[in-house]
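Remarks on the overall topology
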Amino acid sequence: MTIDGTDRALLAVIADGLPLDPRPYNVIGRRLGLDEEQVISRLKNLIRRGVISRFGVIVRHRELGYTANAMVAWDIPDRRVHVLGRKIAAHPFVTLCYQRRRHLPQWPYNLYCMIHGKDREMVQDQIAGLSGDEGLEKFDRAVLFSKRRFKQRGACYGAAPLLGRLKGAA
Amino acid sequence: MNLTSVDQRLLNDFQRDFPLEPRPYARMAAKLGVGEGEVLERLADLRCCGAVSRVGAVVQPGTVGASTLAAMQVPQDRLEEVADAISAYPEVNHNYERDHAINLWFVTAAPDEARLEEVLASIEKETGIPVMDLRLMAPFHIDLGFDLS
């Protein structure tokens, strides 16, 4: 998959969100030396190729009352992780599900999911239900509720110098 | 802040498939039966009160640049100082305290692998605390947003 410099610059410009302007793609285009249609077609292309997995309103769970946010991590044998990962991901209350590299010996866990709920009891019940349904009780796991959020915003993959060059070229 | 029914629909109905056309907010307004100006005003308020992080893109990890989840075991009396130092890096986009001995968890994204490694090494050096790099191996979920209904 090829992501060119302009795509990267576009993702960087929207990392903090689309402008709240009647013609946001036009505003973005002006910053990048692209026209509105080029911005829209590049975004469509990034979505079609799966680079952008979701495009829309990104909510903050906490401010909306979903204050119990649990990261659950299991130690699953590698040969079973794909099947179980897909099963866990299919539960509607699971918002993220990933296999990650272990960090031995401190952190033996390799399969993660995220659950956002209104209170800890509800989330504990969902974890218990999930574990029962998918036969996960026999695997060691850690449940980490979030306590404090220090930072949340969109990922910034772009490089400012690139943006400068593009603007200069426009 | 009390949410109006328009607010609730703005939060719940447009988490994906945001209109890709010249006047996207006008399209949303038409679906909600309100004016474009009201949609822009409500979104600005929801952003201001923190309910909306942004209107934008979620980038699939591993498709552009380099990113990882990292974790550290930080002594409680240094937690704020260390968390603030980490949040100050523009490459860090999420940074949470979690209820575990390994208590500080953050996501780092950079234009390339070299810069990502550099940021993690720099955090380690600056804080004197080892950083666990928990690199993504496979994603399993499909990001459909978050059902608020």
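Residues numbered from 1 in each chain as written. Chains lettered and ligands numbered in written order. Predicted model: local features only at pLDDT ≥ 70, side-chain atom pairs only at ≥ 80, totals over all residues. Heavy atoms only, no water.

1. Observations regarding the sheet that holds strand β4 (residues 104–110) of chain B
We apply this condition: A pair of strands is treated as paired once DSSP finds two or more bridges between them. Each helix is a run of DSSP H or I of at least 4 residues and each strand a run of E of at least 2, with the numbering of both proceeding from the N terminus. Each axis is a line fitted through C-alpha atoms, and for a helix only the stretch in contact is used; angles between axes span 0 to 180 degrees, taken between their N-to-C directions. Residues count as neighbours in contact if any of their non-hydrogen atoms are within 4.5 Å of one another.
Spatially, β5(B)-β2(B)-β4(B)-β3(B)-β5(A)-β2(A)-β4(A)-β3(A)-β6(B) is the arrangement adopted by the nine strands of the open sheet, whose pairing is antiparallel. Each edge of the open sheet carries a strand with a single partner, namely β5 (132–134) and β6 (136–139) of chain B. In this sheet, neighbouring strand axes are inclined to one another by 30° on average, regardless of whether the strands run parallel or antiparallel. Bridge count between strand β2 (residues 66–72) of chain B and β4(B): seven bridges; the pairing is antiparallel. Residue pairing for β4(B): B:Ser67 is matched across the bridge by B:Ala109. Sitting on the sheet, helix α4 (residues 81–89) of chain A touches β2 (68–74), β3 (94–100) and β4 (111–117) of chain A together with β6 of chain B, and the angle it makes with β3(A) is about 170°. Docked against the sheet, helix α5 (residues 113–127) of chain B engages β2, β3 (92–98), β4 and β5 of chain B, running at close to 20° with respect to β2(B).

2. Focus on the domain arrangement of chain B
The line we're drawing: What counts as a domain boundary in this text is fixed by an automatic or database domain assignment.
Each assigned domain of chain B is listed here: domain 1 (5–48) and domain 2 (66–134). Relative to domain 2 of chain B, the C-alpha centre of domain 1 of chain B lies at a distance of 35 Å.

3. Quick word on the packing of helix α1 (residues 5–13) of chain A against helix α3 (residues 36–48) of chain A
Residues and elements named next belong to chain A. Short version of the rule: Angle categories: roughly parallel below 35 degrees, roughly antiparallel above 145, roughly perpendicular from 65 to 115, and oblique for all the rest. Gly falls in the polar group here, along with every residue not listed as nonpolar (Ala, Val, Leu, Ile, Met, Phe, Trp, Tyr, Cys, Pro) or charged (Asp, Glu, Lys, Arg).
The contact between α1 and α3 brings their axes to 11 Å, and the two run at 95°. Comparing the axis directions of α1 and α3 gives the class roughly perpendicular. Residue-level inspection shows Thr-6, Asp-7, Leu-10 and Leu-11 of α1 in contact with α3, the latter providing Val-39, Arg-42, Leu-43 and Leu-46. A breakdown of the residues in the contact of α1 with α3 according to their chemical character gives five nonpolar, one polar and two charged.

4. Comments concerning the packing of aromatic side chains
As a reminder of what qualifies: Only centres within 6.5 Å qualify two rings of Phe, Tyr or Trp (six-membered ring in Trp) as a pair; their planes then separate them into stacked at under 30 degrees, edge-to-face at over 60, and tilted for everything else. The rule is simple: take the accessible area with a 1.4 Å probe, protein chains only, and divide by the maximum for that residue type; under 20% is buried, over 50% is exposed, in between is partly exposed. Counting as a charge over the ring demands two things of the Lys NZ or Arg CZ atom: a distance within 6 Å of the ring centre and an angle within 35 degrees of the ring normal.
Applying the stated criterion across every chain, the model contains four aromatic pairs over all chains. Seen in terms of ring centroids, B:Phe18 and B:Tyr25 are 5.7 Å apart; in terms of plane orientation they differ by 70°. Their pairing is edge-to-face. Residues B:Phe18 and B:Tyr25 agree in their burial class; the two are buried. What links up through ring pairs into an aromatic cluster is the set A:Phe55, B:Phe18 and B:Tyr25. The side chain of A:Arg100 reaches across the aromatic face of A:Tyr98, ending 4.9 Å from its centre.

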